[in-house]
Amino acid sequence: MKAYEKAYKAYDIRGVYGEHVDTTLAYAVGRAVGRKVLEKDGAEGSVLISADVREYNNQLIYYFVKWCESVGCTNVIGVWLPVENVGGQHQYWGVASTAMYYYLNKDICTMGAQFTASHNPPQYAGMKIVDHESHLVETAVIKEWVGDEYPEQSETYDEADFQRIRARVMDPQHPLRM
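On a predicted model such as this, the values are computed, not experimentally measured, just so you know.

Caption draft 1: Spotlight on the overall build of the protein chain. Within the protein chain, the regular secondary structure consists of five helices and five strands. Along the protein chain, helices and strands appear, N-terminal first, in the series β-α-β-α-β-α-β-β-α-α. Going through the 178 residues of the protein chain one by one, you find that 48% of them count as buried. Considering only residue pairs separated by 6 or more positions, the protein chain has 73% of its internal contacts joining residues 24 or more positions apart.

So, in structure tokens, the structure goes:
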């Protein structure tokens, strides 16, 4: 937990990727959010995912979604616009502004997770967690949900599995797909 203390700000989680924010933190927060969604709305609960174009978002989203699913929260929805091979270097799931994310989550999904580090330099990564009314969840609350459960990762990032999750989450038949 100590390594992640600097990442927990008042209303978001952000820091230098690899130092304060990493895939283990995404695992832990994903599992905690998944549990809260199930606690509030059961199997009908849902999590909205959006992102900016930071280099590390694919990995963070991958582990967040994997751990949401691991606790039974399988209704994870991506609503961002697809953007492929930006700059020829990375394949992003797409882009949604914070305002778009808040608007789309309000009264539709149980919770939401936006992967962004806002105005910070490129080496930063982070996430904002909101409730069903698009109110930011205080990080003190998120820390309480997570507790000391920062799991050792038993798997490595798998591009094929990432693409499988991406295809399901970005289902063009879903009514929130833009």
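Caption draft 2: Main features of the environment of Ile142. Note on placement: Ile142 falls in helix α4 (residues 139–146). As for Ile142 and Val33, which are separated by 109 residues in sequence, their C-alpha atoms are 8.2 Å apart. Residues in contact with Ile142, not counting those within four places in the same chain, are Tyr8, Ile13, Val29, Ile129 and Val137.

Caption draft 3: Geometry of the packing of helix α1 (residues 23–41) against α4. Contact pair α1 / α4: the axes reach a minimum separation of 9 Å and the direction vectors enclose 90°. As the angle between them shows, α1 and α4 are arranged roughly perpendicular. Of the residues in α4, those in contact with Ala28, Val29, Ala32, Val33 and Lys36 of α1 are Ile142, Trp145 and Val146.

Rules used in this analysis
Residues numbered from 1 in each chain as written. Predicted model: local features only at pLDDT ≥ 70, side-chain atom pairs only at ≥ 80, totals over all residues. Heavy atoms only, no water. Helix = DSSP H or I, 4+ residues; strand = E, 2+ residues; numbered from the N terminus. Buried < 20%, exposed > 50% of the residue type's maximum accessible area, 1.4 Å probe, protein only. Contact = heavy atoms within 4.5 Å. Axes fitted to C-alpha atoms, helices over the stretch in contact; angles between N-to-C directions. Parallel < 35°, antiparallel > 145°, perpendicular 65-115°, else oblique.

Geometric values such as these leave the question of function open.
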